[in-house]
Amino acid sequence: MRTRVRPEGSPNYLLPLQIVLLLACAFYSPRSYSPLGNAMFETVRLFGTVSRAEFLLPNLGSLIMGLAWGATLSTSVSGLVVMIVLSFAIINLSSAIGAQANTLSDRELDSKDERKKQLVEAMNFFGADRLKKALIIEFALTLILVFLFMLILQKPVLLLLWIVGICLGCAYSLPPIRLKSRNWLAPISLILVLAFFPVLFAYYTFTTEMNPFFLMSLTGLALTVYGVIVPTEIRDYFGDKAMGIETLTVHVGLVKASLIAMALLTAGAALTALAFLLQFAYAQHLFLAVLLVAIPVAGSVVLTEFRKLYSLSKEFMVSKSSSTEANIVRLSAHNPQWIMMITQTYSIISIVLLVSKFLL
């Protein structure tokens, strides 16, 4: 695989980064140490809450996977650094836009969920009108950044991927489309928004060629991501059903949803491990395959919890017990930890793949 080497005299890689740094410096002020500065800091903190800043690490995982599969030795160090910074900024800004759209559309439902009290309070303090204005500004700034990025790299596919991804991400939450309440369209759109488009965007940032092993790993990641997200739907099942929100879990029921989660996680982990194995073999680094044991180990730990969720779901369908319902909600609330365990395992192996390209 080769990455196109930019011709002599082409636009400077550092230009977009310089623009971003100048904008950041423009916001600095000594008032940050004053009461007004404290108020501004609190506003920023609340803005981070409604933007779901906890997605920062998963977004980093998307960047790492795209970088690991796409980067080649022909890319200069300075160009590589700038591409990493800008692609990560774009992925995070896009993620924030989607999260804010979801916070806006779900504020009524979230207000009835005690676990989302902090999110609701942040939303109430920040205000729906201010958040809508922020969304418009963020969308415009991110569009400009992506357009500049596309011009610098001469890759129109990046703009196309971003436009489709951001539109799908907003359509997932916002009425009148609101894909999250449209049965089977919900998981498909969620897989595309959370796994497919971010990693593909990062991948095409660093290369113009398509690796079949990468496609296999991307498919595995997509299956895994939705597999570990299903317990989140299970946690929200009771509230979603009461509000008439037709998620996949509401449609098929708790028991079948638990089985789907286990099947998707198993298939996704197997495909991902196989993709890395084939890539290591192709690059004649087969000895690195020993590290792939981490994938079934992490998967087994998470599957053990999924089986508990399955047993509780079967028990609830028979007893309709409020205590069983509480146990289901309590257990599925650990899902962020399961997501981190799986995705960070993939990220670590991706780092190994990246390092092997440059050092072996």
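A. How the structure looks around the overall build of the protein chain. Of regular secondary structure, the protein chain possesses 16 helices and zero strands. Looking at the protein chain as a whole, 50% of its 360 residues qualify as buried. Long-range pairs, those at least 24 residues apart, make up 77% of the contacts in the protein chain between residues at least 6 apart in sequence. Accessible surface for the protein chain amounts to roughly 17,700 Å². Of this, 71% is attributable to carbon and sulfur atoms.

B. Just a nonpolar patch on the surface, in detail. Among the surface-exposed residues, L73, F287, I351, V355, F358, L359 and L360 lie close enough to one another that they form a single nonpolar patch of about 730 Å² accessible area. Here L360 is to be found in the segment after α16 (335-359). Residue L360 is classed as exposed on the basis of its relative accessible area of 55%.

C. Spotlight on the side chain of D106. The topology assignment puts D106 in the loop between α4 (77-105) and α5 (107-110). Here the side chain of D106 touches R178 through a polar contact of 2.8 Å, side chain to side chain. Discounting chain neighbours no more than four positions away, the residues touching D106 are R178 and K180.

D. Region of interest: the packing of helix α3 (residues 56-70) against α4. The interhelical angle for the contact between α3 and α4, taken along N-to-C directions, is 140°, at an axis separation of 10 Å. In terms of orientation, α3 lies oblique with respect to α4. Considering the relative orientation of α3 and α4, their crossing is right-handed. When α3 is examined against α4, the residues L56, N59, L60, L63 and L67 are found in contact with a partner set consisting of L80, I84, S87, F88, I91, N92 and S95.

E. Representation of the packing of helix α10 (residues 212-235) against helix α13 (residues 254-282). One can describe the packing of α10 onto α13 by two numbers: an axis separation of 7 Å at closest approach and a directional angle of 155°. Between α10 and α13, the angle is such that the two are roughly antiparallel. Of the two possible hands of crossing, α10 and α13 adopt the one that is left-handed. By residue class, the composition of the contact of α10 with α13 is 21 nonpolar, nine polar and no charged.

Criteria and cut-off values
Residues numbered from 1 in each chain as written. Predicted model: local features only at pLDDT ≥ 70, side-chain atom pairs only at ≥ 80, totals over all residues. Heavy atoms only, no water. Helix = DSSP H or I, 4+ residues; strand = E, 2+ residues; numbered from the N terminus. Buried < 20%, exposed > 50% of the residue type's maximum accessible area, 1.4 Å probe, protein only. Contact = heavy atoms within 4.5 Å. Areas by Shrake-Rupley, 256 points an atom, 1.4 Å probe, with all protein chains shown as cover. Patch = residues over 30% accessible without salt bridge, like charges linked within 9 Å, V, L, I, M, F, W, Y side chains within 5 Å. Salt bridge = Lys/Arg side-chain N within 4 Å of Asp/Glu carboxyl O. Polar contact = N/O pair within 3.5 Å; in protein donor to acceptor, adjacent residues only side chain to side chain. Axes fitted to C-alpha atoms, helices over the stretch in contact; angles between N-to-C directions. Parallel < 35°, antiparallel > 145°, perpendicular 65-115°, else oblique. Left-handed = near helix turned anticlockwise from the far one by under 90°. Nonpolar A, V, L, I, M, F, W, Y, C, P; charged D, E, K, R; others polar.

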